[in-house]
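# Tertiary structure, described
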Amino acid sequence: MNILGIETSCDETSAAVLNSSLEILSNVVLSQDEIHAPYGGVVPELASRQHIRSIGYVVNESLRRAGLAVRDIDAFAVTQGPGLIGSLLVGLSFAKGLAFYFKKPLIPVDHLEAHIHSAFLENKDIPFPCLALLVSGGHTSLFFLEKKFQSRLIGRTRDDAAGEALDKVAKYLDLGYPGGPVIEQKAEKGNARKFPFALPRMTDQSMDFSFSGLKTAALRTIKRNRITREHPSFYDFLASFQNAVVRALLVNVDLAAKRFSPHALILCGGVARNKKLRRDFSAFAREKKCPDFIPSPELCTDNAAMVAALAVEKINTFGDFPLSLDLNAYPRM
Ligand code: KG4
Ligand code: ZN
């Protein structure tokens, strides 16, 4: 069985082909970074227009690289939400068209579930129950997974996502978009202890995150110290801010680990590409004597392989899916 997955929830147009053994035959990701860079963040209207331009090429390219024709595809999978509604509708409509024309099943996939599932794509035997920290430009959430397909949201951001905070601080310093990778690269040269940032604290014992205060504190520090690219403490500032973001994430993982005693820890989402976060997350897991699972960097950013992989698992668990043309996109969780 071959499955073609489509992902267009934000600003990456992606299509991937997997077989039923979860082997990735192709995973094509076309990024729109250059289009959104002048604005320092994703412009939804531009994103959906670009998806329309790219989707045909990306799907064709995923088939070409897999060495298959569209007739060889046994089922189609597509991200249904959450995400930007215009962007989601491009992928969903395209997938519906394919499934309808070729009379094949269409499997809807939740974007956040797919991000978590990217860890299972490379490690089939992750033990349950486990905790998953999903960190991206749109989401910062903690999930408790009792077993496969049984996840509970136990913490989420009350304002900005961690990636959004990184992107906004980078934008303020004119470092381009996406900000996370630039900050990571420059932070390597800095002293993370130079600027101490107070971490956000929830007063209600919740495991929710908040990055808006940290972002405001960072912008205040930039103004107060007149930090620019030429400032002698430029790299120290970025290292300190990145460190604060990583610590804020791990504080809540620690709370959750104490409360839920998981048998494994998963880190996923675009920000999980960050080397400092990967290192500190693994060190934390070692300290807790709990195995950690972090997907390869290319599976952390939005991609269709994770979408197709989750669809394969759904078919294996629940059986065949009908072709439903009533499927609708949902922008929020
Ligand atoms: O998961 P993703 O590709 O898209 C969303 O669903 O949001 O995540 C994008 C986010 C952006 O905020 C970007 O700055 C961040 O991931 N990011 C990074 C790194 N690479 C991407 N943040 C920190 N370090 C990185 N190396
Ligand atoms: Zn994502």
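Residues numbered from 1 in each chain as written. Chains lettered and ligands numbered in written order. Predicted model: local features only at pLDDT ≥ 70, side-chain atom pairs only at ≥ 80, totals over all residues. Heavy atoms only, no water.

### Topic: the domain arrangement of the protein
Segmenting the protein into domains produces domain 1 (2-115 + 300-318) and domain 2 (127-290). Relative to domain 2, the C-alpha centre of domain 1 lies at a distance of 27 Å. With 19 residues of domain 1 at the interface, the matching set in domain 2 holds 14 residues. Around 1400 Å² of area is buried between domain 1 and domain 2 when both sides are counted, 68% of it from carbon and sulfur atoms. Taken as a group, Leu112, His115 and Cys300 account for 37% of the area that domain 1 buries against domain 2, more than any other trio of residues on that side. On the surface where domain 1 and domain 2 come into contact, there are 1 salt bridge. For Glu313, the salt bridge identified is with Lys148, shortest N-O distance 3.4 Å. In this assembly, domain 1 and domain 2 are joined by 5 residue pairs in polar contact (both at pLDDT 80 or more). (Domains from an automatic or database assignment. Contact = heavy atoms within 4.5 Å. Buried area = accessible area lost by both parts, 1.4 Å probe. Salt bridge = Lys/Arg side-chain N within 4 Å of Asp/Glu carboxyl O. Polar contact = N/O pair within 3.5 Å; in protein donor to acceptor, adjacent residues only side chain to side chain.)

### Digging into the coordination of the zinc ion (ligand 2)
Within the protein, the zinc ion (ligand 2) binds to His111 (NE2), His115 (NE2) and Asp302 (OD); these donor distances fall in the range 2.1 to 2.2 Å. Around the zinc ion (ligand 2) sit 4 donor atoms, and with donor-metal-donor angles ranging over 89 to 150° the site reads as irregular. For the zinc ion (ligand 2), the single-chain donor residues occur in sequence as H-x3-H-x186-D. One end of the pair, His115, is in helix H4 (residues 111-122); the other, Asp302, is in the loop between helix H10 (297-300) and helix H11 (304-318), with 187 residues separating them in the sequence. For His115, a relative accessible area of 1% corresponds to the buried category. The exposure class assigned to Asp302 is buried, which follows from its relative accessible area of 11%. (Donors = N, O, S within 2.8 Å, 3.2 Å for Na, K, Ca; no water. Tetrahedral: all angles 85-135°; square planar, octahedral: opposite > 155°, others 65-115°. Helix = DSSP H or I, 4+ residues; strand = E, 2+ residues; numbered from the N terminus. Buried < 20%, exposed > 50% of the residue type's maximum accessible area, 1.4 Å probe, protein only.)

### Things to note about the pairing of strand E5 (residues 106-110)
By the criterion of burial, E5 is predominantly enclosed, with 5 of the 5 residues buried. Two strands pair when backbone bridges link them, and strand E4 (residues 75-81) and E5 are joined in this way by 5 bridges, in the parallel orientation. Across the sheet, residue Gly81 finds its bridge partner in E5, namely Asp110. Traced from E4 through helix H3 (residues 85-102) to E5, the parallel crossover comes out right-handed. (Pairing = 2+ DSSP bridges. Right-handed = clockwise from strand over helix to strand, strands pointing away.)

### What about the packing of aromatic side chains?
Each aromatic ring pair is described using two quantities: the centre-to-centre distance and the angle formed by the ring planes. Within this structure, the stated rule accounts for 10 aromatic pairs. Summarising the aromatic geometry, the rings of Phe149 and Phe318 are spaced 5.1 Å apart at their centres and angled 50° between planes, so their arrangement reads as tilted. Remark: Phe318 occurs in helix H11 and Phe149 occurs in the loop between strand E7 (140-147) and strand E8 (150-156); sequence separation between them is 169 residues. Looking at Phe318, the relative accessible area reads 51%, which means it is exposed. (Phe/Tyr/Trp six-rings, centres within 6.5 Å; stacked < 30°, edge-to-face > 60°.)

### Thoughts on the layout of surface pockets
Space inside the largest pocket adds up to approximately 1300 Å³. Along the walls of the largest pocket sit 47 residues, with Cys10, Ser136, Gly137, Gly138 and Asp167 positioned nearest its centre. Sorting the residues of the lining of the largest pocket by element identifies H4, E7, helix H5 (162-172) and helix H6 (179-187) as the ones contributing at least two each. Looking at which element gives the most residues to the lining of the largest pocket, the answer is H5, with 6 residues. Per-class residue counts for the lining of the largest pocket are 14 nonpolar, 19 polar and 14 charged. Structurally, the lining of the largest pocket is a two-domain feature, drawing no fewer than three residues from each of domain 1 (2-115 + 300-318) and domain 2 (127-290). Space inside the second largest pocket adds up to approximately 300 Å³. Lining the second largest pocket are 14 residues, with Pro200, Arg201, Met202, Val251 and Asn252 positioned closest to its centre. Of the residues belonging to the lining of the second largest pocket, the class tally is 8 nonpolar, 4 polar and 2 charged. (1 Å grid on protein atoms, 1.4 Å probe; cavity = no way out; pocket = protein on both sides within 12 Å on 5 of 7 lines; lining within 4 Å. Points joined across faces, edges and corners; volume = space filled by probe spheres on them. Nonpolar A, V, L, I, M, F, W, Y, C, P; charged D, E, K, R; others polar.)

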